Amino acid sequence: QVQLVESGGGSVQAGGSLRLSCTASRMPYVINAMGWHRQAPGKQRELVAGINSAGRTKYADSVKGRFTISRDNGLNTIYLQMNDLKPEDTAVYYCNTGIMKGPYVPGASWGQGTQVTVSS
């Protein structure tokens, strides 16, 4: 099965920046798209951003203009550059593989998550 490992989380002040990374390995198939979801305590897991093999991107309205998703060649590693972080961005961020046909839809492969904490 696909293995995904996230890194780059941490604690920052509001207005600060973080860059998350996710590397996929043990891929038995060509990945169509990868992306990020996040989950705060007591809340549903929500889409943050997705990117497909052609470089097309999708973003949640709450992060547009602040976050940028990008990829390495081959789509085995993706990044999430997070600028102007807000306390509302505090969550565990999960990397995943999925499909992008219109919206980004995650599949069955998820990373263990990396904690992002933003203080005011």
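Residues numbered from 1 in each chain as written. Predicted model: local features only at pLDDT ≥ 70, side-chain atom pairs only at ≥ 80, totals over all residues. Heavy atoms only, no water.

Chemist: Please set out the overall build of the protein residue by residue, giving values where relevant.
Modeler: Assigned secondary structure in the protein consists of zero helices and 11 strands. Reading the protein from its N terminus to its C terminus gives the helix and strand order β-β-β-β-β-β-β-β-β-β-β. A compact globule built from 120 residues would reach a C-alpha radius of gyration of about 14 Å, and the protein, at 13 Å, matches this within 12%. Across its three principal directions, the C-alpha atoms of the protein cover 40 × 25 × 25 Å. In the protein, which comprises 120 residues, the proportion classed as buried is 42%. Counting only contacts in the protein whose residues sit at least 6 apart along the sequence, the fraction spanning at least 24 positions is 56%. A total accessible area of about 6200 Å² is found for the protein, and carbon and sulfur atoms account for 47% of it. The distance from the centre of the 12 positive side-chain charges to the centre of the 7 negative ones in the protein is 8 Å. (Helix = DSSP H or I, 4+ residues; strand = E, 2+ residues; numbered from the N terminus. Rg over C-alpha atoms; globule rule 2.2 N^0.38 Å. Buried < 20%, exposed > 50% of the residue type's maximum accessible area, 1.4 Å probe, protein only. Contact = heavy atoms within 4.5 Å. Areas by Shrake-Rupley, 256 points an atom, 1.4 Å probe, with all protein chains shown as cover. Lys, Arg positive; Asp, Glu negative; His and termini not counted. Charge placed at Lys NZ, Arg CZ, Asp CG, Glu CD.)

Chemist: I'd love a proper account of the packing of aromatic side chains, names of residues and values included.
Modeler: One pass over the structure, following the stated rule, counts one aromatic pair. Ring centres 6.4 Å apart and planes at 75° place the aromatic pair Tyr94 and Trp110 in the edge-to-face group. With Tyr94 in strand 9 (residues 91-100) and Trp110 in strand 10 (residues 104-110), the pair connects residues that are 16 residues apart, well separated along the chain. Accessibility expressed as a relative area gives 15% for Tyr94, which makes it buried. One residue, Arg19, lies across the ring of Tyr79, its end atom 4.1 Å from the ring centre. Above the plane of the ring of Trp110 lies Arg45, whose end atom (NZ or CZ) is 4.5 Å from the centre. (Phe/Tyr/Trp six-rings, centres within 6.5 Å; stacked < 30°, edge-to-face > 60°. Lys NZ or Arg CZ within 6 Å of the ring centre and 35° of its normal.)

Chemist: Describe in detail the nonpolar core, supporting the description with residues and values.
Modeler: Residues Met34, Trp36, Ile78, Leu80, Met82 and Tyr93 are the most contacted members of the largest nonpolar core, which totals 28 residues. Broken down by secondary-structure element, the contributors of at least two residues to this core are strand 3 (18-25), strand 4 (33-39), strand 5 (46-52), strand 7 (67-71), strand 8 (77-82), strand 9 and strand 11 (114-119). Excluding its chain neighbours within four sequence positions, the residues that come into contact with Met82 are Gly16, Ser17, Leu18, Leu20, Arg66, Phe67, Tyr93 and Val116. (Core = buried A, V, L, I, M, F, W, Y, C linked by side-chain atoms within 4.5 Å.)

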